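Observations on the model geometry
Below are the chains, spelled out letter by letter.
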Amino acid sequence: MNCNHFPAERDSYKTCVSRVPIFNHLSPEEMQKIVQSARPRTYSKGEIIFQPGDLAEKLLIIHKGRVKIYRISELGKEQLLRILEPGDFMGDLSLFTNEVAANFAEAMVNTEICAIHRSDMQELLVTHPNISLKILEELGRRLNEAEKTIEMLSLQDAEKRVASYLNELVKEETRDKPINIVLPMSKKDLSSLIGISQETLSRRLSTFQDRGWISLNGQRNITILNIDALRDTL
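In what follows, the accompanying structure is described. Keep in mind it's a predicted model, so treat the numbers as computed, not measured. (Residues numbered from 1 in each chain as written. Predicted model: local features only at pLDDT ≥ 70, side-chain atom pairs only at ≥ 80, totals over all residues. Heavy atoms only, no water.)

1. Points about the packing of aromatic side chains
Inspection of every chain in the model, using the stated rule, returns two aromatic pairs. When the centroid spacing of 5.2 Å and the interplanar angle of 10° are considered together, the rings of Tyr70 and Phe104 count as stacked. With a gap of 34 residues between them, Tyr70 in strand 4 (residues 67-72) and Phe104 in strand 7 (residues 104-107) connect regions that are remote in the sequence. Given a relative accessible area of 6%, Tyr70 falls into the buried group. Stacked on the ring of Phe89, the Lys or Arg Arg142 has its end atom at 4.9 Å from the ring centre. (Phe/Tyr/Trp six-rings, centres within 6.5 Å; stacked < 30°, edge-to-face > 60°. Helix = DSSP H or I, 4+ residues; strand = E, 2+ residues; numbered from the N terminus. Buried < 20%, exposed > 50% of the residue type's maximum accessible area, 1.4 Å probe, protein only. Lys NZ or Arg CZ within 6 Å of the ring centre and 35° of its normal.)

2. Quick look at the sheet that holds strand 10 (residues 214-217)
The strand order across the open sheet built from three strands is 9-11-10, with neighbouring strands paired in antiparallel fashion. The outermost strands of the open sheet, each flanked by one partner alone, are strand 9 (179-182) and strand 10. Pairs of neighbouring strands in the sheet enclose a mean axial angle of 20°, with direction left out of account. Sheet strands in contact with helix 7 (residues 198-210) are strand 10 and strand 11 (221-224), and its direction is about 125° off that of strand 10. (Pairing = 2+ DSSP bridges. Axes fitted to C-alpha atoms, helices over the stretch in contact; angles between N-to-C directions. Contact = heavy atoms within 4.5 Å.)

3. Overview of helix 2 (residues 28-37)
Buried within helix 2 are the following residues: Met31, Ile34, Val35 and Ser37. Each buried residue of helix 2 sits inside an arc of 160° when the element is viewed along its axis, so together they form one side. Exposed and facing more than 90 degrees away from the buried side of helix 2 are Glu29 and Lys33. (Arc of directions from axis to C-beta.)

4. Here we look at the nonpolar core
Grouped together as the largest cluster of nonpolar side chains are 31 residues, with contacts concentrated most on Leu166, Ile214, Ile224 and Leu230. Going through the elements one at a time, strand 5 (78-84), helix 5 (158-169), strand 9, helix 6 (187-194), helix 7, strand 11 and helix 8 (227-232) are the ones with two or more residues in this core. A total of six residues in this core trace back to one element, the largest contributor, which is helix 5. For Ile224, the contacting residues outside a window of four places in its chain are Val170, Pro178, Ile179, Ile181, Trp213, Ile214 and Leu230. Counting 21 residues, the second-largest nonpolar core is a separate cluster that includes Cys16, Ile22, Leu26 and Ala38. (Core = buried A, V, L, I, M, F, W, Y, C linked by side-chain atoms within 4.5 Å.)

5. Comments concerning the sheet that holds strand 4
Ordered by their spatial adjacency, four strands build an open sheet running 2-7-4-5, and the pairing between neighbours is antiparallel. Where the open sheet ends on each side, the last strands, each with one partner, are strand 2 (48-50) and strand 5. Shown here is a sheet whose adjacent strand axes are inclined to one another by a mean of 35°, direction ignored. Inspection of the sheet shows strand 2 paired to strand 7 by two bridges, in the antiparallel sense. What sits directly across from Phe50, in strand 7, is Ala105. Packed onto the sheet, helix 6 meets strand 4 and strand 5 and runs at close to 110° relative to strand 5.

This is how it looks when you write it as structure tokens:
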């Protein structure tokens, strides 16, 4: 891990901090205070950012790159929990508790992060309680996503899991036209996220294509041809 400054120095910090929804309501002066507290960290692809047992004492904001959060089962199998993109943050529980990290965080590509120490964030929360509310909103959203994932893993078979995930990627309702979507992760990571093997994922996608529901275009590009048929499986 390299702690050298980002190329654009403080302008880069400001861009990093302003990406995060919990800060976007602050005034320029208030934002500047956060920028002054931010410290840059860079990670190479595959580098571990934190792991179970590490002391969680910083709010980490993704500036560039992509990070996956996962845990390892007793059998040594990786279970993907979520993928973070620029503007997302992690380490938020460190703001309220003294617990250590429970999961792994790994850079999926070369990644730049802004780190804000817990003491700086706690001081900010005291003077700007709206930030606390926005953090709680984000935690609520993540809890809702976790509940959906638990429901999917416990109640849905492989076909329904794949159909449900594709449906979640559909942003627009265009029933008379094909819908183009791009998988935001590799099939290996996607299969880990929805709790099936990579081979099962590939077979289900091929089955959907044979039925005329989708068209596979390369590794990640998918065209939804019959969204109603996919939803009827749920």
